[in-house]
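Read off the chains here:
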Amino acid sequence: MESVVKKPTSWGWVILWLFLFWPIGLFMLIKRFSNRQVLMNSKTRAPAVAAWILIALGGLMLFTMITQGSFEFFMFLWFAAYLVGGIMILVKLKQTEKLAAQFRRYLNIIVNTGERNLTDIASSTAVPYETARKDIQSMIDYGFLKNAHIDERNHTIVLAQYSQVQTVAPEQMASQSTVQSGTVRCSGCGANNVVTSGRITECEFCATALV
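Residues numbered from 1 in each chain as written. Predicted model: local features only at pLDDT ≥ 70, side-chain atom pairs only at ≥ 80, totals over all residues. Heavy atoms only, no water.

Undergrad: Would you mind showing me how to read the packing of helix α2 (residues 22-33) against helix α5 (residues 73-112) here?
TA: In helix packing, the relevant descriptors are the interaxial angle and the interaxial distance, both defined with respect to the helix axes. With their axes 10 Å apart at the nearest point, α2 and α5 run at an angle of 5 degrees to one another. Our classification of the angle between α2 and α5 gives roughly parallel. From α2, Trp22, Leu26, Leu29, Ile30 and Phe33 reach across to α5, where they touch Ala81, Tyr82, Val84, Gly85, Met88, Ile89, Lys92, Leu93 and Thr96. In the contact of α2 with α5, the residues fall into 11 nonpolar, 2 polar and 1 charged. (Axes fitted to C-alpha atoms, helices over the stretch in contact; angles between N-to-C directions. Helix = DSSP H or I, 4+ residues; strand = E, 2+ residues; numbered from the N terminus. Parallel < 35°, antiparallel > 145°, perpendicular 65-115°, else oblique. Contact = heavy atoms within 4.5 Å. Nonpolar A, V, L, I, M, F, W, Y, C, P; charged D, E, K, R; others polar.)

Undergrad: I tried to follow the pairing of strand β3 (residues 181-185) on my own but got confused; where do I start?
TA: When a strand is regular, its side chains alternate between the sheet's two faces. Sparse coverage of β3 is indicated by the burial of 0 of its 5 residues. Strand direction decides the pairing type here: β3 and strand β4 (residues 192-196), joined by 5 bridges, are antiparallel. When the sheet's bridge partners are listed, Gly182 is paired in β4 with Val195. Between β3 and β4, which follow one another and run antiparallel, lie 6 residues, and Gly190 among them has a positive phi close to 85 degrees. (Buried < 20%, exposed > 50% of the residue type's maximum accessible area, 1.4 Å probe, protein only. Pairing = 2+ DSSP bridges.)

Undergrad: Just checking my understanding: could you explain the nonpolar core for this structure?
TA: Counting residues in hydrophobic clusters, the biggest one holds 30 residues, and the most contacted among them are Tyr106, Ile136, Phe144, Leu145 and Cys189. Of all the secondary-structure elements, those providing two or more residues to this core are α3 (36-41), α5, α6 (118-125) and α7 (129-142). Formed by 17 residues, the second largest nonpolar core is a distinct cluster that contains Val14, Leu18, Ala50 and Leu93. (Core = buried A, V, L, I, M, F, W, Y, C linked by side-chain atoms within 4.5 Å.)

Undergrad: Would you mind going over the packing of aromatic side chains with me for this structure?
TA: Ring pairs (aromatic) are described by centroid distance and by the angle formed between their planes. The full count for this structure, using the stated rule, is 6 aromatic pairs. Aromatic pair Trp78 and Tyr82: ring centres 5.5 Å apart, planes at 40 degrees, arrangement tilted. Of this pair, Trp78 and Tyr82 are both found in helix α5, 4 residues apart, which corresponds to roughly one turn of the helix. Owing to a relative accessible area of 15%, Tyr82 belongs among the buried residues under this scheme. For the pair Phe103 and Tyr142, a centre-to-centre distance of 5.7 Å together with 80 degrees between the ring planes defines the contact as edge-to-face. (Phe/Tyr/Trp six-rings, centres within 6.5 Å; stacked < 30°, edge-to-face > 60°.)

Undergrad: What exactly am I supposed to notice about unusual backbone geometry here?
TA: Trans peptide bonds make up the majority, and among non-glycine residues the majority have a negative phi. Phi is positive for Ala126, which is not a glycine, with a value near 60 degrees. Along the polypeptide, Ala126 turns up in the loop between α6 and α7.

Undergrad: Could you clarify how one ought to interpret the environment of Tyr82 in this entry?
TA: Tyr82 sits 27 residues away from Ile55 along the chain, and the two C-alpha atoms are 5.8 Å apart. Beyond its immediate chain neighbours, meaning those up to four positions away, Tyr82 contacts Trp22, Leu54, Ile55, Leu57, Gly58 and Met61.

Set out below in structure tokens:
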């Protein structure tokens, strides 16, 4: 769980380091995706573009070596580094996209439909029981399901009751009747949230801003 919310590294720095020295850039990319809000809301294609540019540079070096008939060790090393780096970045992006999609499916079943039985959750997502258990534990570790734990004995997930209780001061009681609460589906993770009309709050599961 996240006791202190830290702002993730900006995409600008991540992309810069992907070009300057991709191992550091890849580490920063992985670190950025460890943030639940970024994981669910990252729509930028910049990392993928950077990866393809690295692969293209590697291909250009290989083409130069072939046309010149000179296979220098230094150039070959750079070719391999660019190629491997680009491929590793693309693989990580694909894994992250798949993970986010799977987390959305779990949240829809657990939060929106109220299912708690791990066997039924695994069946609904068409994955083995052990995979579902590990995935849901990962969600708890990420901070998607706060104050939750898995009851191994009963094969269920135990959740705290999610509700956003609004405290109304005495001077606000006169206008209390005009304040309404409703359910809003998060655009990031897809989970339903109880919100108060006219107020901006955050999704209880992925911290995406809700209105």
